[in-house]
Amino acid sequence: MIEQGELILIVEAADRLLAVRAVDVASVNEIDNVVPVPGGPDYIEGMGAQRSRALTVIDMRRAIGIAPQDAGKANDRSTGQQSDGRCLIVSRGDYHYALRPDRVLDVSPAFENSKPVPKGLGEAWARVSRGVVETATGSALLLDIDAILQGPERASTKIKAA
Amino acid sequence: MDDLLAEFVAETREMLAALGSELVVWEADPSDKERLDQIFRFAHTVKGSCGFFDFPRLEKLSHAAEEALDEVRRGTRYPNELMVSAILAVIDRISDYIDAIDSDTQLPGDGDDALIAALAADADDAEIAALQKSGFDSDDKLRTVSVQRSIRLPVTLLDRMMSGVSDLVLARNSLARSLRDQGGHLELDGPFERMSTILDDVRDAVTRMRMQRIGCLFAALPRMVRDLAQELGKQVMIDVEGEDVELDREMIETIRDPLTHLIRNAMDHGIETPAERRSVGKREIGTLRIQATQSGNQIYLTVHDDGRGLDEAKLASKAMAAGIVTEDELAGMSMEEKHSLIFSAGLSTADEITAVSGRGVGMDVVRANVEKIGGSVKIMSQRGSGTAIIMRLPLTLSIIDTLSVSNAGQRFAMPRSNVEEVILGSDEDLRFQELGGGRFIDFRGQRIPCLFLCDILGVPSEVPVAERTFIVARYTQYDCIAFAVDAVHDHEDAVIKPIAPALTSTGLYTGATLLDDGTPVLALDIASIGLRSGMLIGRKRISDEIEAEESSVDKDQGNHPSVMLFVGFDGGQRCLPMADLARIETIDAAQVERHGGVARAVIDGAMHRLAGLGPDDVPEGKLRLLRMNDAGQDAYYAIRAIIDVVESESEVSPGCDIAEISGYVIIGGKPVPMIDATQIMASVASAERKAEAER
């Protein structure tokens, strides 16, 4: 449901190109000072802050439900590149979140209307995808932000064991 | 309206409200002379103002009330329930007049004379009873006790001010730190302190703008319950807890009506008549327990009654009849789901729709109101035992006083409100103990259960236990828990910000605050942590204690007996061990016969001597009796009024040569004589035998 020309924010996680609508993101910021939340779910990295707001920092890989080491095949884009600490800041009412991808890449307009989710993505990816969109950087999977905020299925029933 | 008149209206309203509530409190302990004097002064002041402003009808009414109170003060008249009711009726009438004056409408018609007649010492019960029925809706009484001289403001303006002050406070804290670090600028200290004090004041006032103690809502409840109980012919004791929990004012207004409705429901449909309660083995006096607690960023408000509970079969059939559910749907429902049917619109399980409640529009409106503010309501009930309605309300947190603690190098914030004590591990009076699977600290003779923060969080601490700091948090009158932390650093005002539901659902945190350098500090959910630890004995309320005492076979109470505190016929306070109390009876004074200084009455078909009445005591109206029972022997002890069931604060100190008294216990800091049930029963028995022999 992205229309041609809409601005898309492109990020990378686990060697995949991922996209979110630019308007859904409040800002992109470096979030460094993250304190851990003992007893919290795995996919929540911890608490951060931005301009007197408390942010819940979410590790996108874990939130999607793919194991952190599962980077898939070695790929040019990811080799040796460090994350620059930038996160996507989104809000849901009183709650503010920082979504941390491996890297934030670019903002670009969609080349054409988005296409539906293809088959064969795997359960974890299918849960968080809403379609595929073509951008200057390449084909990117359009993400469902709420699905990411919710965390992987397991997290809702299991709190990280102390 | 005239400025002066407006003042009169406002002040008189305040006086009347105070009068009403003090009167009800005094009724429970008529021997409190100071309170009676205060009440009399209120009445006197009201009369004075009414006279000054030339309201002859008002003056007449208040004069009648004042006179009645004066008679009691001087001891020429015994207070009783009827008199108090009559005075309350007069207060209500004056209130109505004040409302009419305020709104510039016609003063209500006649009926004043009837009210004044009811105050006379020998008033007819019927007259008073009639007054109460024609009565003034208890609902309105709740409303007249409102804040005077107010103005309307858009809420957004208030919020802007509040967040401005919040930021000001944080800026001040940060400035304070910088000043400390810089050091040496002595000439800045004075002005800074001044600014700081003023800011604290402003912050206080601003917090009060939005937040209000829920106790303000609770204040009107004893009176409401009393009036309703009388109207319904039931005996109900109200138990209120959590008055200090603070809520947004707007929210308090929104739950006022639902709370009223729930209480009415509980008293009307839940709590049974004394006779019915007796027949199922319950105490005659029903208990209504209202409790407010804060957990995480929610407030829980519970209305609990120990009445007959929900009849889910009846509820289900009514719901089916009303077309709300089908038989198939019912078959698949759990007990709790069936109970929740009570929140459906258009449903009433009351056999008669009484004037008090039961029009079938109540419970669904309650739920709608609560959900409107983002809360939820749940019902839990057990047939025969009682019902609990639990309202969950979201909390808008503002600035909270917190203690900054740490574990394994990470800081956390603990709310300071419940903290009773902070004890260093090195304190000589502190001893740490591990007993069985539990941990405790022994501090100044008190053993307190202990939790380690490192265990709660699952992050090990490197600090040895003996070097930690113990923070004692109080939960209820009987429960506290000591939290062992690595260190306590600071106390500061913190703005607690909401955190993701995924984090609050762990039950560990209520929010997060930010330090000046932007580091987030998680705020611990002490309430939830304590509850889930299983170390709290539970809401050990007085009424729970009664249950425990009543079921104990052994009459030997041990150290601090649980007693029934009451007013004897001579007006003095006395008490009777709960273990000796079999039942409370009420009979008509007309049933009492006096011969030769001995009072007798026919109770349950047998003639009994009544103890507790002096040779000149002539009971009027209804007579309350405490029934004692031991090995087939009965004795009935006449009293004027029941005060409460309490736990004595001391052991029984014997040595009293007054007949009927076994000794004294300390209650409320004062010695109260304890009735010797054994002796009374023995003397009644021997007197009966003597009488038999003589016949």
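First things first, this report covers the structure right here in the doc. (Residues numbered from 1 in each chain as written. Chains lettered and ligands numbered in written order. Predicted model: local features only at pLDDT ≥ 70, side-chain atom pairs only at ≥ 80, totals over all residues. Heavy atoms only, no water.)

**Details of the overall build of chain A**
Reasoning step 1: Assigned secondary structure in chain A consists of 4 helices and 10 strands.
Reasoning step 2: Reading the helices (α) and strands (β) of chain A from amino to carboxyl end gives β-β-β-β-β-α-β-β-β-α-β-β-α-α.
Reasoning step 3: By the burial criterion, 46% of the 162 residues in chain A qualify as buried.
Reasoning step 4: Long-range pairs, those at least 24 residues apart, make up 61% of the contacts in chain A between residues at least 6 apart in sequence.
Reasoning step 5: Accessible surface computed for chain A: about 8100 Å², of which carbon and sulfur atoms make up 47%. (Helix = DSSP H or I, 4+ residues; strand = E, 2+ residues; numbered from the N terminus. Buried < 20%, exposed > 50% of the residue type's maximum accessible area, 1.4 Å probe, protein only. Contact = heavy atoms within 4.5 Å. Areas by Shrake-Rupley, 256 points an atom, 1.4 Å probe, with all protein chains shown as cover.)

**What to know about the overall build of chain B**
Reasoning step 1: Helix and strand counts for chain B stand at 22 helices and 28 strands.
Reasoning step 2: In chain B, which comprises 695 residues, the share counted as buried stands at 48%.
Reasoning step 3: Within chain B, counting contacts between residues at least 6 apart in sequence, those at least 24 apart form 64% of the total.
Reasoning step 4: As displayed, chain B offers around 33700 Å² of accessible surface, 50% of which is attributable to carbon and sulfur atoms.

**Notes on the pairing of strand E7 (residues 95-100) of chain A**
Residues and elements named next belong to chain A.
Reasoning step 1: The buried fraction of E7 is high, at 5 of 6 residues.
Reasoning step 2: With 5 bridges connecting them, strand E5 (residues 53-59) and E7 associate as parallel partners. Bridge pairing links Val57 to Ala98 in E7.
Reasoning step 3: Turn length for the strand E6 (residues 86-92)-E7 hairpin, with the two strands adjacent in sequence and antiparallel, is 2 residues, and the turn residue Gly93 shows positive phi of about 65°. (Pairing = 2+ DSSP bridges.)

**Focus on a nonpolar patch on the surface**
All names here are of chain B.
Reasoning step 1: Residues Ile151, Leu153 and Leu157 make up a contiguous nonpolar surface patch of roughly 320 Å² in combined accessible area.
Reasoning step 2: Among the structural elements, Leu157 can be located in helix H8 (residues 155-182).
Reasoning step 3: Here Leu157 falls in the partly exposed class, since its relative accessible area comes to 44%. (Patch = residues over 30% accessible without salt bridge, like charges linked within 9 Å, V, L, I, M, F, W, Y side chains within 5 Å. Salt bridge = Lys/Arg side-chain N within 4 Å of Asp/Glu carboxyl O.)

**Some thoughts on the packing of helix H4 (residues 81-102) of chain B against helix H11 (residues 221-232) of chain B**
All names here are of chain B.
Reasoning step 1: Look at H4 against H11: their axes get within 12 Å of each other, and the N-to-C directions meet at 115°. Relative to H11, the crossing made by H4 is left-handed. Contacts between H4 and H11 pair Glu81, Val84, Ser85, Leu88 and Asp92 from the former with Arg223, Arg226 and Gln230 from the latter.
Reasoning step 2: Residues of the contact of H4 with H11, tallied by class, amount to 2 nonpolar, 2 polar and 4 charged. (Axes fitted to C-alpha atoms, helices over the stretch in contact; angles between N-to-C directions. Left-handed = near helix turned anticlockwise from the far one by under 90°. Nonpolar A, V, L, I, M, F, W, Y, C, P; charged D, E, K, R; others polar.)

**Describing the packing of H4(B) against helix H5 (residues 112-119) of chain B**
Residues and elements named next belong to chain B.
Reasoning step 1: Where H4 meets H5, the closest approach of the two axes is 8 Å, and the angle between their N-to-C directions is 155°. One finds that H4 runs roughly antiparallel with respect to H5. Crossing hand, H4 versus H5: left-handed. For the pair H4 and H5, the contacting residues are Met83, Ala86, Ile87, Ala89, Val90, Arg93 and Tyr97 in the first and Asp112, Leu115, Ala118 and Leu119 in the second.
Reasoning step 2: Looking at the contact of H4 with H5, its residues break down into 9 nonpolar, no polar and 2 charged. (Parallel < 35°, antiparallel > 145°, perpendicular 65-115°, else oblique.)

**Side note on the sheet that holds strand E12 (residues 438-443) of chain B**
All names here are of chain B.
Reasoning step 1: Here we have 6 strands laid out as an open sheet, ordered E10-E14-E15-E13-E12-E11, and mixed in their pairing. Strand pairing shows two members of the sheet lacking a second neighbour, strand E10 (419-424) and strand E11 (430-435), which therefore form its edges. Neighbouring strand axes in the sheet, compared pairwise and without regard to direction, differ in orientation by 30° on average.
Reasoning step 2: As judged from the 4 bridges shared by E12 and strand E13 (residues 446-452), these two strands associate in the antiparallel manner.

**A few points about the interface of chain B and chain A**
Reasoning step 1: Tallying the contact residues gives 23 residues for chain B and 22 residues for chain A.
Reasoning step 2: Of the roughly 1700 Å² buried between chain B and chain A, counting both surfaces, carbon and sulfur atoms make up 71%.
Reasoning step 3: Its largest share of buried area at the contact with chain A, chain B owes to B:Pro498, B:Leu503 and B:Pro520, together 26% of the area lost on that side.
Reasoning step 4: Run the count over chain B and chain A and you get 0 salt bridges.
Reasoning step 5: Counting across the interface, chain B meets chain A through 3 residue pairs in polar contact (both at pLDDT 80 or more).
Reasoning step 6: Counting residues per element, the ones that place at least two in the side of chain B that touches chain A are strand E9 (410-415), helix H19 (501-504), strand E17 (509-514) and strand E18 (520-524) of chain B.
Reasoning step 7: Grouping the constituent residues of the side of chain B that touches chain A by class yields 15 nonpolar, 6 polar and 2 charged. (Buried area = accessible area lost by both parts, 1.4 Å probe. Polar contact = N/O pair within 3.5 Å; in protein donor to acceptor, adjacent residues only side chain to side chain.)

**Structural notes on helix H2 (residues 33-52) of chain B**
Residues and elements named next belong to chain B.
Reasoning step 1: If you check H2, its first and last C-alpha atoms are 28 Å apart, about what 20 residues at 1.5 Å a residue would give, namely 28 Å.
Reasoning step 2: Among the residues making up H2, those that are buried are Leu36, Ile39, Phe40, Phe42, Ala43, Val46, Lys47 and Cys50. What you see down the axis of H2 is that its buried residues fit within an arc of 155°, all on one side. Exposed and facing more than 90 degrees away from the buried side of H2 are Lys33, Glu34 and Phe52.
Reasoning step 3: Buried-residue contacts for H2 involve helix H1 (3-28) and helix H3 (56-74).
Reasoning step 4: Taken from the residues just after H2, Asp54 is the one with a positive phi, measuring 60°. (Expected span 1.5 Å × (residues − 1). Arc of directions from axis to C-beta.)

**Structural notes on H3(B)**
Residue and element names in this part refer to chain B.
Reasoning step 1: An ideal rise of 1.5 Å per residue puts 27 Å on 19 residues; H3 measures up with 26 Å between its terminal C-alpha atoms.
Reasoning step 2: Residues Leu58, Leu61, Ser62, Ala64, Ala65, Glu66, Ala68, Leu69, Asp70 and Val72 constitute the buried set of H3.
Reasoning step 3: Buried positions along H3 lie against H1, H2, H4 and H5.
Reasoning step 4: One or two residues past the end of H3 sits Gly75, with phi positive at roughly 85°.

**Comments concerning a negative patch on the surface**
Residues and elements named next belong to chain B.
Reasoning step 1: A cluster of acidic side chains, namely Asp3, Glu7, Glu11 and Glu14, defines a negative patch on the protein surface.
Reasoning step 2: Positionally, Glu11 belongs in helix H1.
Reasoning step 3: When its relative accessible area of 46% is taken as the criterion, Glu11 is described as partly exposed. (Lys, Arg positive; Asp, Glu negative; His and termini not counted. Charge placed at Lys NZ, Arg CZ, Asp CG, Glu CD.)

**Points about the environment of B:Glu660**
All names here are of chain B.
Reasoning step 1: Residue position: Glu660 is located in the loop between strand E26 (633-647) and strand E27 (661-667).
Reasoning step 2: For Glu660, a relative accessible area of 25% puts it in the partly exposed group.
Reasoning step 3: The spatial distance from the C-alpha of Glu660 to the C-alpha of Thr678 is 8.9 Å, given a sequence separation of 18 residues.
Reasoning step 4: Setting aside anything within four residues of it in sequence, one finds Glu660 in contact with Ala611, Gly612, Tyr637, Met674, Ile675, Asp676, Gln679 and Ile680.

**Overview of the pattern of salt bridges**
All names here are of chain B.
Reasoning step 1: Going through the model one piece at a time under the given rule, you end up with 35 salt bridges over all chains.
Reasoning step 2: Arg226 is the salt-bridge partner of Glu27, the closest N and O atoms lying 2.5 Å from each other. Remark: Arg226 occurs in helix H11 and Glu27 occurs in helix H1; sequence separation between them is 199 residues.
Reasoning step 3: A residue is classified by how much of its surface remains accessible, and Arg226, at 12% relative accessible area, is buried.
Reasoning step 4: One network of salt bridges, in which partners are shared, links Glu27, Asp92, Arg223, Arg226 and Asp227.

**Notes on the pairing of strand E15 (residues 480-485) of chain B**
Residue and element names in this part refer to chain B.
Reasoning step 1: Burial analysis of E15 places 6 of its 6 residues in the buried class, which makes it a mostly covered element.
Reasoning step 2: Covered by surrounding structure in E15 are Cys480, Ala482 and Ala484 together with Ile481, Phe483 and Val485, the residues of both alternating faces.
Reasoning step 3: Pairing between E13 and E15: 3 bridges, direction parallel. Across the sheet, residue Phe452 finds its bridge partner in E15, namely Ala484.

From the geometry alone we can't say anything about function, so treat these as descriptive.
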